[in-house]
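Chain by chain, the residues run as shown.
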Amino acid sequence: MTRALRELGYKKDEVIVTGDIGCTILGMYPPWSSCWNEVSMGASIGNAIGFKYAGIKLPVVATLGDSTFFHAGIQPAINAAWNGTPVVIAVLDNEITGMTGHQPSPASGRTAVNPEAPKIGIEGMLRAAGITHVAVVDPYDLKASTATLKEALTYEGPSGVVLRRVCSLVARRMGTLGKPLKVDSDKCTGCLACIRTLSCPAMLVASGKMVIDETTCAGCGMCAQVCPAGAIGGD
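Here is a short report on the structure shown in this document. The structure presented is a predicted model; accordingly, all values stated were derived computationally and were not measured. (Residues numbered from 1 in each chain as written. Predicted model: local features only at pLDDT ≥ 70, side-chain atom pairs only at ≥ 80, totals over all residues. Heavy atoms only, no water.)

### Examining the nonpolar core
- The biggest cluster of nonpolar side chains holds 23 residues, and the ones touching the most others in it are I45, F69, A77, I89, I122, L126 and I131.
- If you list the elements that add at least two residues to this core, you get α2 (43-53), β3 (60-65), α3 (66-72), α4 (74-83), β4 (88-93) and α5 (122-128).
- Take this core: its biggest share by element is four residues, from α4.
- Look past the residues within four positions of A77 in its chain and what remains in contact with it is I45, I89, L126, A129 and I131. (Core = buried A, V, L, I, M, F, W, Y, C linked by side-chain atoms within 4.5 Å. Buried < 20%, exposed > 50% of the residue type's maximum accessible area, 1.4 Å probe, protein only. Helix = DSSP H or I, 4+ residues; strand = E, 2+ residues; numbered from the N terminus. Contact = heavy atoms within 4.5 Å.)

### Concerning empty space enclosed by the protein
- Per the stated rule, a full pass over the model turns up one cavity of 30 Å³ or more.
- In this structure, the largest cavity spans a volume of roughly 100 Å³.
- In terms of lining, the largest cavity is formed by 14 residues, of which the most central are C188, C191, L192, C194 and C227.
- Across the lining of the largest cavity, the residue classes break down as 12 nonpolar, two polar and no charged. (1 Å grid on protein atoms, 1.4 Å probe; cavity = no way out; pocket = protein on both sides within 12 Å on 5 of 7 lines; lining within 4 Å. Points joined across faces, edges and corners; volume = space filled by probe spheres on them. Nonpolar A, V, L, I, M, F, W, Y, C, P; charged D, E, K, R; others polar.)

### A few points about the environment of V205
- Looking at where V205 falls in the secondary structure, it is placed in strand β8 (residues 203-206).
- As for V205 and K12, which are separated by 193 residues in sequence, their C-alpha atoms are 27 Å apart.
- With near-sequence residues (within four places) excluded, V205 lies in contact with L192 and I195.

### Details of the pairing of β4
- Burial of β4 is extensive: five of the six residues sit out of reach of the surface.
- Pairing of β3 with β4, which is carried by five bridges, proceeds in the parallel orientation. Counted as the bridge partner of T63 is A90 from β4.
- Relative to strand β6 (residues 159-164), β4 runs parallel, the two sharing six bridges. Opposite A90, over in β6, you have V161 as the bridge partner. (Pairing = 2+ DSSP bridges.)

Structure representation (structure tokens):
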């Protein structure tokens, strides 16, 4: 989101990004410092709509998780579509209720008591609510995510972006994590852009250079995408 806004010429403190209670509020803190507020489930979309009603001309983005969307996000999404309010609804879909203990959500394909259940697609719900401009993207694909968010931010009307990637803790339990990445110390310049950008818990600093703790690395590859020296890679 930060990259998309910067590439569109907006300053960090110009575009309001509302949040819901849940994982999305972690975006309030450094190094991202993107989310402006958090109130309650579903409030991100309602607040975003309110800011536009109040006369905010610049883009306004509402961020919320998949569980929060199903709990209380559908109603304000309908309101945004019904009134044509130009807000961006960004749903961070990790297919689980990550913040409070990994309870299944309708996006997970199971219930609390059954191993299988219909998997409810958030993009389908957004379209059913009347939002026609909807995209689904893998948030670990930095280039595609940035391009998708830029398109949503410049769309003249309500838009939805579903950023879907299974929670890393769930992926670890399922044995589907990617292989840990490694740092070429000869190429690493010690700029630490990776740490300042991502604040990943698998990143450590030793002798002024970044190293990766292979036991905690989820293999997402984000650090390799932001490294300006090309010092990070797989086997």
